[in-house]
Amino acid sequence: MIGLNDGQTRLVILVGYLLLLLFLGVFASRLFRGTKKDYLLASHSIGPVFLLLSMFGTTMTAFAIVGSSAKSYQAGPGVYGMLASASGIIHSLCFYMIGLKLYRYGRKYGYTTQIEFFRDRVESNFIGYLMFPILVGLIIPYLMIGVIGGGIVISTSTIGAIPGWTENGSVPIWAGSLVICLVVLSYVFLGGMRGTTWANAFQTTVFMVLGAYAFYRLTGRLGDHESFWENFAQLNSQITDFHVTRKSIPQSLFLCFMFIPLSVAMFPHLFQHWLTAKSSSTFKLPIIMHPIFIMIVWVPCVLIGSWAAGILGPGVEPNKVMPMMVNKFIGPVTGGFLSAGILAAIMSSLDSQFLCIGSMFTNDVVGNLRKEKLSDRAEVWLARGFVVAIVVATYLICLATGFGASVFTIAIWCFSGFSGLFPIVAAALYWKRLTAGGVLAGLLSAIGSWVYLFYLSYWGAVENFSVPIGPERFLVMPVVIIFACTTVAMVLASLLTKRPSRQTIERFFD
Amino acid sequence: MEWIEAITSFLSEANWWVWGAILTGVFVLVGLYSTRLLAWLLVVALVVAHQDYWVWLKGADRSYFELPSGFVYHVGLSIATAVVWWIVTMEAWPDDDVEENFDADFNDAANERSGGAA
């Protein structure tokens, strides 16, 4: 752009994009019907295309863009099989086996959050109070992934934009993260679930289209040929032999990674998205297309990360690989738009997480503690207030860690916690004998084993933490151990405690 | 027994296309018996196929456009996954998938849960 340097051009594009999102939030708020159901569930009005885009946008975080390229830079394209193709299989399985059933119960019995379902299913109020801090505690690291990832993208994209502010003239990470928090907070605050779904759908489209275009441009810039495919083959041929094989990924860990995508079954924000669907048939399109969408996003990211290993050389901070490749090899305008696309991926997860935390607080804590029901208006404001408090808390935690934590490592720990809770939701839907005692034992085992293993990894400082098991010393990821602990504790405690009432069994199984 | 040994020996030395033919035969037979069962069998097959130990450390094997063969395999698996889920939604969608008037139920249930003040 005329008169602006590269960093400033990218900064202008990013600011423009963020303003567009704010406008979307304001527009969605004009359609707000003033009820809690509309604010939290968009009045169950979302069709298949929007559900696909919003669910996909929600599951694709900074982990998919920044984390995938970072991991691929270190371990090669084998990362795709480890996480992307596995997620395609398991996510759709969870949508079908868990999401669809929960949706039907949610619509039938008037649930807004998954805690309400568990309270009814195991006939225990206490379980709800126990689940709330566990779910919020697991979501906070998930929020951190987005807040840190967003800050890194803005900072790396704006080098030279504001001379004097930082050493390299970029927007500092703390400021970038703050802006991301404020923008997402604004459109969630104003538009609720409708604004969130629209923003998600819009942002998912943006990051997929811009990502594909930028990948095309990047391939052209890095290769020596005229044709895209010749350049593509040339760049792939430069991936080192070490990266081509999966020598750095033990087979037992590859198997363990199949457990990570199970986490989607217990994401509270995804539960809320499921409930926005118009009907159960709305789920068909997301179930079929989700693996393809994952492929569209992950293939370029993983390849760019692998190419970067040869092009940038060793020693680059993995989290910065993707933004560096974009800024170094793509013009400022395309680079600015791609950075906006990456921010879109990040923000499309943050918004749902913000909203679901507010929903859980109003429904599962305040709504449950108060004898007299609050008005819809008061509940909406309460949800908004709690969202602000959580965002502030998350931002302060990021500030305390110096925004230096590895996106990939936080994500794996966060997903491991949610995957550890998978046996509970699966049993609640498919095992009549599950009791409140079983859920209690399962929850305590899951969180106890998670905290213990996290402690053993020096609170995440040991990257790729795994535990050797058996005489062959097979490496096993924490997620498998947590999953096993939850299952064993839940089954034993359920068998040792009183069966659920006939009324409950008839309600959920007949 | 000799015939078991013969079959075991044949299978252990068989090429990928022999295995492919055997698996296809199994899927066809299952499909003729029940398409719903076939759909679920395909999902299980996807999970098994994901653990591709046979292409794990194949030196520096390259496939189309110089892409690592393991990578191409998993991209193909993603496409196969979408096809399998399409089959599942066609053949194994819940029988009770009627478009009920959920909203009436939802409002009643939500009011009941919150003390009827909504």
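Counting of residues starts from 1 at the beginning of each chain's written sequence and follows it residue by residue. Whichever chain is written first becomes A and whichever ligand is written first becomes 1, with later ones labelled in order. pLDDT decides what is reported in this predicted model: residues at 70 or higher carry local features, side-chain atom pairs at 80 or more are listed and counted, and totals for whole chains, interfaces and linings draw on all residues regardless. Calculation of side-chain values draws on the structure's entire complement of heavy atoms; hydrogens and water are dropped beforehand.

Moving on, we come to the packing of helix H6 (residues 114–121) of chain A against helix H7 (residues 125–157) of chain A. All names here are of chain A. Contact geometry of H6 with H7 gives a least axis separation of 8 Å together with a crossing angle of 150°. Put simply, H6 runs roughly antiparallel to H7. Viewed along their axes, H6 and H7 form a crossing whose handedness is right-handed. Packed against H6, whose contacting residues are Gln 114, Ile 115, Phe 118 and Arg 119, the element H7 presents Asn 125, Ile 127, Gly 128, Tyr 129, Met 131, Phe 132 and Leu 135 at the interface. A per-class count over the contact of H6 with H7 returns seven nonpolar, three polar and one charged. Note on geometry: axes are C-alpha line fits, over the in-contact stretch for helices, and angles between N-to-C directions span 0 to 180 degrees. The secondary structure listing takes helices from DSSP runs of H or I that are at least 4 residues long and strands from runs of E that are at least 2 residues long, numbered from the N terminus. Orientation is classified from the angle alone, with under 35 degrees giving roughly parallel, over 145 giving roughly antiparallel, 65 to 115 giving roughly perpendicular, and any other angle giving oblique. If you view the pair so one helix is near and one far, a crossing is left-handed when the near helix is turned anticlockwise from the far one by less than a right angle, and right-handed when it is turned clockwise. The contact criterion used throughout is that any non-hydrogen atoms of two residues lie within 4.5 Å. Any residue outside Ala, Val, Leu, Ile, Met, Phe, Trp, Tyr, Cys, Pro, Asp, Glu, Lys and Arg is labelled polar, Gly included; the first ten of those are nonpolar and the last four are charged.

Take the packing of aromatic side chains next. All names here are of chain A. Aromatic pairs are defined between Phe, Tyr and Trp rings, using the six-membered ring for Trp, whenever the two ring centres lie within 6.5 Å; interplanar angles under 30 degrees are classed as stacked, those over 60 as edge-to-face, and all others as tilted. Counting across every chain of the model gives 39 aromatic pairs over all chains. On the numbers, 5.7 Å between centres and 85° between planes, the contact of Trp 229 with Phe 232 is edge-to-face. A residue pair is termed a helical-turn pair when its members lie 3 or 4 positions apart in one helix, as Trp 229 and Phe 232 do in helix H9 (residues 228–237) at three residues. Accessibility expressed as a relative area gives 6% for Phe 232, which makes it buried. For the ring pair Phe 267 and Phe 415, a centre distance of 5.9 Å and an interplane angle of 50° mean the geometry is tilted. Of the two residues, Phe 267 sits in the loop between helix H11 (251–256) and helix H12 (268–274) while Phe 415 sits in helix H17 (residues 407–420), which places them 148 residues apart along the sequence. Exposure classes here rest on a 1.4 Å probe applied to the protein chains alone. A residue is buried below 20% of its type maximum, exposed above 50%, and partly exposed in between. Relative accessible area serves as the criterion here: at 6%, Phe 415 is assigned to the buried category. Lysine NZ or arginine CZ positioned within 6 Å of the ring centre and within 35 degrees of the ring normal marks a charge as sitting over the ring. The aromatic ring of Trp 381 is capped on one face by Arg 384, whose charged end is 4.8 Å from the ring centroid. Directly above the aromatic system of Tyr 109 lies the positively charged group of Arg 507, at a separation of 4.0 Å from the ring centroid.

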